[in-house]
Structure formats: C-alpha cells, structure tokens
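Observations on the three-dimensional arrangement
The residues making up each chain are set out below.
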Amino acid sequence: MLIFTGADGNYALQAQVWMLSLVKTQKSSVRVVVFGNGWSSKDRSVMKSLENDLVKVEFQEVEASRYANVQLKNGFPLATAYNVLAPLYLLGDESRAIYMDADMVVTEDLSPLWSTQLGTPVGAVLDAHIVWMASPSMWRPWKEEGLEPLTPYLNTGLMLMDLDRWRSEKLTERSLEYLEKYELPCVDQDALNLALRGKFDQLHPRYNSMPYHHLKMLRYLDTVENDTVIGEAITQPAVIHYHRSFFGKPWTLGCTHPGVALWGSLADEVRPKWKKQFDLMGSARAFAAKKAKMTTLDVRSCDYPVDMLNRGRNA
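Because the structure is a prediction, the values reported are computed rather than measured.

A separate point is the nonpolar core. One recurring pattern in soluble globular proteins is that nonpolar side chains are buried together. Met-100 and Leu-110 are the most contacted members of the largest nonpolar core, which has 105 residues in total. Looking at which element gives the most residues to this core, the answer is helix H1 (residues 12-25), with nine residues. Contact partners of Met-100, with chain neighbours within four places excluded, come to Ile-3, Phe-4, Thr-5, Trp-18, Val-106, Leu-110, Gly-157, Leu-158 and Val-239.

A separate point is the side chain of Ser-265. With respect to the helices, strands and loops of the structure, Ser-265 is situated in helix H10 (residues 260-270). At 2.7 Å, the side chain of Ser-265 and the backbone oxygen of Leu-262 are in polar contact.

As a further point, take the packing of aromatic side chains. Evaluated as defined, the whole model comprises nine aromatic pairs. Aromatic side chains Trp-139 and Tyr-182 sit 6.1 Å apart centroid to centroid with 65 degrees between the ring planes, which places their arrangement in the edge-to-face category. Within this pair, whereas Trp-139 is found in the loop between strand S6 (122-126) and strand S7 (154-162), its partner Tyr-182 is found in the loop between helix H6 (171-181) and helix H7 (188-196), the two being separated by 43 residues in sequence. Centre to centre, the rings of Trp-263 and Trp-274 are 5.5 Å apart; their planes meet at 75 degrees, and the pair counts as edge-to-face. Highlighted residues: Trp-263 in helix H10 and Trp-274 in the loop between H10 and helix H11 (280-291), separated in sequence by eleven residues. For Trp-263, a relative accessible area of 0% puts it in the buried group. Sitting above the plane of the Trp-114 ring, Arg-96 keeps its charged end 5.6 Å from the centroid. Over the ring of Tyr-207 we find Arg-206, and its NZ or CZ is 6.0 Å from the ring centre.

Okay, unusual backbone geometry next. Not every positive phi belongs to a glycine, and Val-131 is a case in point at roughly 70 degrees. Tracing the sequence through the fold places Val-131 in the loop between S6 and S7. Classification of Val-131 as buried rests on a relative accessible area of 2%. Despite not being glycine, Lys-170 shows a phi value in the positive range, around 55 degrees.

Cut-offs applied
- Each chain carries its own residue numbering, running from 1 in the written order of its sequence.
- Residues qualify for local features only when their pLDDT is at least 70, as the model is predicted, and side-chain atom pairs are given and counted only at 80 or more; totals for whole chains, interfaces and linings, by contrast, use all residues.
- The basis for every side-chain value is the complete set of non-hydrogen atoms in the structure, without hydrogens or water.
- Take the buried residues of types Ala, Val, Leu, Ile, Met, Phe, Trp, Tyr and Cys, join any two whose side-chain atoms come within 4.5 Å, and each joined set is a nonpolar core.
- Only protein chains enter the accessibility calculation, which uses a 1.4 Å probe; a residue is then buried when its area is under 20% of its type maximum, exposed when over 50%, and partly exposed in between.
- The numbering of helices and of strands both runs from the N terminus, where a helix is a DSSP run of H or I of at least 4 residues and a strand a run of E of at least 2.
- Whether two residues are in contact is decided by their heavy atoms, any of which lying within 4.5 Å being enough.
- Pairs of N or O atoms are called polar contacts if they sit within 3.5 Å, as long as, within protein, a hydrogen donor faces a hydrogen acceptor (for residues adjacent in sequence, only side-chain-to-side-chain pairs).
- Two aromatic rings from Phe, Tyr or Trp, using only the six-membered ring of Trp, form a pair when their centres are within 6.5 Å; if the ring planes differ by under 30 degrees the pair is stacked, by over 60 it is edge-to-face, and anything between is tilted.
- To sit over a ring, a charge needs its Lys NZ or Arg CZ within 6 Å of the ring centre and within 35 degrees of the ring normal.

Structure, rendered in structure tokens:
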C-alpha cells in the first residue's frame, strides 16, 4: 500500500501524529511518502523512529522553482497543491496510491479501502459542508465552466487514486489551469473538482470524517446522504480529518473538536513537550459562530476515547 502526504517542516508535528496513527492501526505493509521541504534532521529522525515492521516512511523534497507558475491564492503554500502535482510529477512510476492530508488521524486498518475497485480516477468522500459545486457558502465558477449546480463536490483530504487513469485524463494539468484562471476559495480542492466535473467514486464518509459531519447547522450533506451513513461517519470514523472549522485545530488553544483529546494523546507520544498555539483569528471565528448558534452538534457526536486506535488494532 502506498500512502503519501504533502507537509513541509512547519507541519512536522501534525505529520508525526498522522504517522503514529498509521503505525498503530495498519495490518499490512505500507510505504509512506512525505513530500515536503524544510524538515529538520531531528524531525525526520522522529518520523523514522515511529516505523515498525509494516509501516515505513521516506521523504522526498520538492523543487519549488520547478512549479513557480503554480498560482495559489490567499497565502497558501505550495504544499497545498502537492496532492494534484504528485500523480504526474512525483509518482510517475506508480499506478495506485492513497493521498491523505497530514492533519488526519487513522483509527483502523486501511486495507479494505486500498482494495476498493474504482470506476474513475479518484475515490473520495463528499465534502460534508459544500456537497455540490453551487454551494452558497462560497463562490465557485460552476456556471462559467458549464457545470450543473448540483454537481457532486469531493473533499480532497483523502483520495484513493488510480494514477494511470489520473494521468491519462490529465487531471494535474487541468487542475493547474483552473488555479491560474480563477481565484478559488478552496484552492486545489476547487480546481480538482472543476477538472473532475463530478465524476468520481463516492467513498463512505467514514474514510474522511470531517468537523462538519458533527456541526449539523452547517452540514449540507443532509440534502443528499442517508442519515444512518452520516451517523457512521460521526461514531465510527476510520479516518478523522481535523481541517479548518469553527471547532479550531487540536494543536491550538480553545479547540472543541470531539477528537481533540485523541489528537493530543498522540502528540504527547511523539513530542512530550509540545505546546498549543494561539490562533487569534480562529478563536474570533469560533466565538462569533457560537454566538450565532452555528456550532450546534449532532446528538450522536461525543468525545473520541484516547485509546480508540488501540481498540481498532485489537479488533
């Protein structure tokens, strides 16, 4: 199994937590590849120290000057686009891979996901908040590109990739064209969704359990997904995604994500003296959202136990 992520050295702790969760849960051989620059020898050593007999990690630096023409808005680093660059430029000899954001925690073996048969270049989970291209939350050029407003919209946090088909359909080139053409709010994610035009295999949301599965006031997913399936993403996540939301990030002060204690316990293992950061803008957004009663939780939402990964391993 090949799993890759994009993370520069300033995201080392997050990548180390993600790596530890893989080590604790995987039951077959996994090759982990981290694409990124600026990793210190100490942080690389920590990652290597987490390896076991099944899960091995390697690092590949990315020559940023080679991608100087890639246009990323709102201050996003190049690492944001490694997921769309890698299939063409960094994984040219591979035919299949799983991409994962580094702000994730894996709670169970991913072998069933790896063996999933695809009918398209990508298998991914519908974004719990956006769901369709014409979502009213943010502007996207669905009309300009001739897309139907209810075109399905994936979250790129986890993607099962048929790399041969990805390359034959020129998804990297087409995504980069959209990045150059428009100022897209969700950057690489918007660009890839425009390139796919809704044609992707929809995975069970357990494989990318997002904050907005829990936040029912902002969960547009209810319009298209079975409520039982949504509940399984909340209560039985195979992969927890700590992306930006009104919960805050688990490495910042004031985070209220149901998985904050779980993430923190893993961080304690890889870096016992780590300290939480203060995110002023994130805290302000969370306060405003709470006042506006936008952070109401699904009744099935509860704190994830810190031994959750050990339970999965012993199952």
